[in-house]
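# Breakdown of the fold
Given next are the chains, with one letter for each unit.
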Amino acid sequence: MPPPRTASRKQYREFLKLRGFFGIRKTDEERKKEEEEKTKSGAEKKPHKPYIIRYLGTLKAERGRVALIIALMVVGNLFSAVMPWTSKVMIDFVLPQGSMGVLVGFCLLLLALHLTACGIAFLTDLLTSTFLGVFVTSTKHKLMRHLQQLPLQRLQDLKVGGITTRLQGDTEAMAGLLQQGVLTPTRALMQFVISAGSMLFLSWRVALASFAFSIALGTMSYIFFNMLRPFQKQLREEAAGIGGYLTEIFGGMQVIRAFGREKPEAHRFAVSVDTLFRKYMHSNILGMSIHRFDMVLWLSMQITVWGYGGYLTMRGAMTIGDLTACTMLVGWILGPIDMIMNSFSQIQSSLASAERVFDLLDEPECMPDRPNARCVTTLEQGIRFDKVVFDYPNGARALHGVTLDIPKGKTIALVGPSGAGKSTIANLVMRFYDVTEGAVQVDGTDIRDLQLAPYRRMCSLVLQDVFLFDGSVAENIAYGNPAATPAQIEAAARAAHCHEFVSKLEKGYETMIGERGVRLSMGQKQRISLARAIL
């Protein structure tokens, strides 16, 4: 087994050979797969416009605050736009007068302008961050409530990582659509218009020279941005893959140790991390090279403005104040280009996140209550399976024509081989799924005609694969009944025969049991789960 650095170096060289220097060359297999996906989903590709309209609709209730933010941003830009002109006024008008009073007065005016601009910028940033924070929080609340009502099969398809990504990453990236899609382009456009207009007013010849450099910089940035974006996306996917691998490794640590696979797994992780590091360094070098080329263009533009503007000044076509103001406006012309190019990347990412969030919110809930559903709080007769047929969403048939009576007060044991349908019957009693044919009846009423929430409050469930939460013993036992008193919790624990070992723990019922009850044995977890069901 070669050392991790040697193995990662080999993988990195193979990557460059396969993908090219910029990491954007596609393999034949990827091209074929891409063509198949285009052929398959080309007709079903969704337009962005409905999502943008819907996103703007979510902001409708806060349109006053959005308008205030934009208005403050406009005023702040106008105050900032005064600053390049102050050098012209100072050099061409204030200093030639030779008056100390005029100089002091002008400096105090500049100080007042600067403080006002800083205050407006602070208020704008505060309102923006507060608004986006409230938007993200409310979206997370709405999505969390909806996720809890989705069918179990859909949640299993999404997986824990997919749900977390949508609930955390997508909602936060979605908020960036306002910042990067509206506020930043507006600010950039205003800066460019103000600076271009100012420079044209001062000297149209210098302005045209500056525009030539701006076009070159914008074109180059756009080309390199689109070249490097697939490479950056691939690096993020590889990093996510390493994260998923780590989750799997630490979730199955007992198996790894049982088969003595610690060193091979550590070697595999080290090679993956080292290879990713080499690719990130390659990406950073490309990015830094492009950035330095941007700086060369910026300096070239600055030198051009100084040189050509100085020539015009010596010929009397410009004043020294005009020249100084033009050099200060260079940054105002190039800055908006960088802002807009960065916004393009963020807009695509935010829009993709918005699509995923909205699509998920549009998915139907699993079992909405029927219009005339009854509310039940007690069981009077029992539960009956009447010729029940059940197919799982993937088409696998689990039950075929099952008829079963479960009278109130009786204990029923279902015995059979794996796959016979024992767990399926429990799932149907809890109404995690609805039957395909037949009916599950509660006191003679079809379970689908009952209100789901009150019905489930009558039920308790102990799973074969016990799931406990990262909290105290008492919190886990009282999970289904948070209002339970300590005496009720202890009574349930005694009934489940777990009071003895719980009382011997360091803090008794207040002992923290760790994620999924990692600090307890399997038998102890089972008994706490029973106590939870009893309570």
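Since the model is a prediction, treat every value here as computed from it, not as a measurement.

### A closer look at the overall build of the chain
- Summing up its helical and strand segments, the chain has 16 helices and four strands in all.
- In the chain, which comprises 535 residues, the proportion classed as buried is 36%.
- Summarising the internal contacts of the chain: among those between residues at least 6 apart in sequence, 76% fall at separations of at least 24.
- Element-wise, carbon and sulfur atoms account for 61% of the exposed surface of the chain, whose accessible area totals about 31700 Å².

### Description of the side chain of Thr424
- Note that Thr424 resides in helix α11 (residues 422–429).
- Leaving out residues up to four positions away in the same chain, Thr424 has contacts with Phe390, Tyr392, Ala398 and Leu399.

### Points about the sheet that holds strand β3 (residues 437–442)
- The strand order across the open sheet formed by four strands is β2-β1-β3-β4, and the pairing between neighbours is antiparallel. Looking at the sheet topology across the chains shown, the edges are occupied by β2 (397–407) and β4 (445–446).
- Strand direction decides the pairing type here: strand β1 (residues 382–391) and β3, joined by five bridges, are antiparallel. Bridge assignment links Val389 to a residue of β3, and that residue is Glu437.

### So, the pattern of salt bridges
- Evaluated as defined, the whole model comprises 11 salt bridges.
- The closest approach of N and O atoms between Asp322 and Lys88, which form a salt bridge, is 2.5 Å. On the criterion of sequence distance, the pair formed by Asp322 in helix α10 (residues 320–362) and Lys88 in helix α4 (residues 63–97) is long-range, its members being 234 residues apart.
- We classify Lys88 as buried; its relative accessible area is 14%.
- The closest approach of N and O atoms between Arg494 and Glu490, which form a salt bridge, is 2.9 Å. Within this pair, Arg494 and its partner Glu490 are both found in helix α14 (residues 486–495), separated by four residues, close to a single helical turn.
- Exposure remark for Glu490: the relative accessible area of 28% places this residue in the partly exposed category.

### A short note on the pairing of β3
- With two bridges connecting them, β3 and β4 associate as antiparallel partners. Each bridged residue has a counterpart across the sheet, and for Val442 the counterpart in β4 is Thr445.
- Following β3, the chain reverses through two residues before pairing antiparallel with β4; Asp443 in that reversal takes a positive phi of roughly 55 degrees.

### Focus on unusual backbone geometry
- In this model, Arg431 sits at a positive phi of 55 degrees, which is unusual for a non-glycine residue.
- On the accessibility criterion, Arg431 (4% relative accessible area) is buried.
- Even without a glycine there, the phi angle at His497 is positive, about 60 degrees.
- Relative to the helices and strands, His497 resides in the loop between α14 and α15 (499–503).
- Accessibility expressed as a relative area gives 52% for His497, which makes it exposed.

### Structural notes on helix α9 (residues 262–314)
- The terminal C-alpha atoms of α9, which comprises 53 residues, lie 76 Å apart, in line with the 78 Å expected from a rise of 1.5 Å per residue.
- Positioned one or two residues after α9, Gly316 has a phi angle of 90 degrees, which is positive.

### Looking at α14
- Within the span of α14, buried status applies to Ile489, Ala492 and Ala493. Around the axis of α14, the buried residues are gathered within 100 degrees of arc, so they sit on the same side.
- On its buried face, α14 sits against α13 (473–477), α15 and α16 (522–534).
- Where α14 terminates, the next one or two residues include His497, which has phi positive at roughly 60 degrees.

### Regarding the side chain of Asp446
- If you trace the backbone, Asp446 turns up in strand β4.
- A distance of 2.9 Å separates polar atoms of two side chains, one belonging to Asp446 and the other to Arg448.
- In contact with Asp446, not counting residues within four places along its chain, are Ala439, Val440 and Gln441.

Criteria and thresholds
Residues numbered from 1 in each chain as written. Predicted model: local features only at pLDDT ≥ 70, side-chain atom pairs only at ≥ 80, totals over all residues. Heavy atoms only, no water. Helix = DSSP H or I, 4+ residues; strand = E, 2+ residues; numbered from the N terminus. Buried < 20%, exposed > 50% of the residue type's maximum accessible area, 1.4 Å probe, protein only. Contact = heavy atoms within 4.5 Å. Areas by Shrake-Rupley, 256 points an atom, 1.4 Å probe, with all protein chains shown as cover. Pairing = 2+ DSSP bridges. Salt bridge = Lys/Arg side-chain N within 4 Å of Asp/Glu carboxyl O. Expected span 1.5 Å × (residues − 1). Arc of directions from axis to C-beta. Polar contact = N/O pair within 3.5 Å; in protein donor to acceptor, adjacent residues only side chain to side chain.

What is shown is where atoms sit, not what they do.
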